[in-house]
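Each chain, written out:
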Amino acid sequence: MGQYTKHVFVCTFGTWCNHDGDTGAIVTRLNEAVEAAGLKGQVRINKSGCMNQCGHGPMVVVYPDNHWYAGVKPEDAEEIVATDIVGGQVVARLSYEAPPGDNKDLSRYPAEVVAAEQAKRQGARPA
Ligand code: FES
């Protein structure tokens, strides 16, 4: 048996999900909802790095159920906790289904944003 009944990861350290929404607020709201449900200590919310699904974020995944969510907003946190973590059901309107593996789609971002992020990675100043 694992340390937690559910382990939730929110892509907060990846480059791209932070362009899609307020990932820190998602973590905060999930933690608040878990505590309100009386599940603190049983359910763990973790900040994570990139999940290779960039362009679909903010991304959230619930383990061990392997339920993936895309385009999550802070105000979705209570529904994820109530429906998925407590109820064991997928939140259908947020459910993310894609082929296994890398599904990055940077075409969803403006070209200048992609160029600026790539320049940061290369240690250069954006043009
Ligand atoms: S930055 Fe979030 S999945 Fe890549």
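Please read all numbers here as calculations on a predicted model, not as lab measurements. Counting from 1, residues in each chain are numbered in the order their sequence is written. Per-residue local features of the predicted model are confined to residues with pLDDT of at least 70, and side-chain atom pairs are confined, for both listing and counting, to 80 or more; whole-chain, interface and lining totals are unaffected and use all residues.

(A) View of unusual backbone geometry. Cis peptide bonds are those with omega within 30 degrees of zero, and the linkage from G57 to P58 qualifies with -5°. Among the structural elements, P58 can be located in the loop between β2 (43–48) and β3 (60–63). Cis geometry is adopted by the peptide bond preceding P64, which originates at Y63 and carries an omega value of 10°. Secondary structure is summarised from DSSP: a helix means a run of H or I of at least four residues, a strand means a run of E of at least two, and numbering begins at the N terminus for each. Within the secondary structure layout, P64 lies in the loop between β3 and β4 (67–69). If you check the backbone angles, N52 has positive phi at about 60° while not being a glycine. Relative to the elements of secondary structure, N52 occurs in the loop between β2 and β3. Backbone geometry places N66, a non-glycine residue, at a positive phi of 65°. For N66, the location among the structural elements is in the loop between β3 and β4. Three classes are used. A residue is buried when 20 or more other C-beta atoms lie within 10 Å of its own, exposed when 12 or fewer do, and partly exposed in between, with C-beta atoms placed from the backbone. What makes N66 exposed here is the crowd of 7 C-beta atoms within 10 Å.

(B) Quick look at helix α2 (residues 23–36). Any helix carries an expected span of 1.5 Å times its number of residues minus one. Taking 1.5 Å per residue as the helical rise, α2 with its 14 residues ought to reach 20 Å, and the 20 Å between its terminal C-alpha atoms agrees with that figure. Listed as buried for α2 are T23, I26, V27, R29, L30, A33 and V34. The elements touched by buried residues of α2 are β1 (6–11), α1 (17–20), β2, β3 and α3 (77–86). The positive-phi residue at the C-terminal boundary of α2 is G38, with phi of around 75°. Residues are treated as contacting if the C-beta atoms built from their backbones sit within 7 Å of each other.

(C) Expanded view of the pairing of β3. With burial as the criterion, only one face of β3 is covered, namely that bearing V60 and V62; the residues V61 and Y63 on the opposite face remain uncovered. Strands were regarded as paired on the criterion that DSSP finds at least two bridges between them. Examined bridge by bridge, β1 and β3 share four bridges and lie antiparallel to one another. Its bridge partner being in β3, F9 is matched across the sheet by V61. Alignment of β3 against β4, held across three bridges, turns out to be antiparallel. Bridge pairing links V61 to W68 in β4. Hairpin geometry of β3 and β4 is characterised by an intervening segment of three residues between the two adjacent antiparallel strands and by a positive phi of about 65° at N66.

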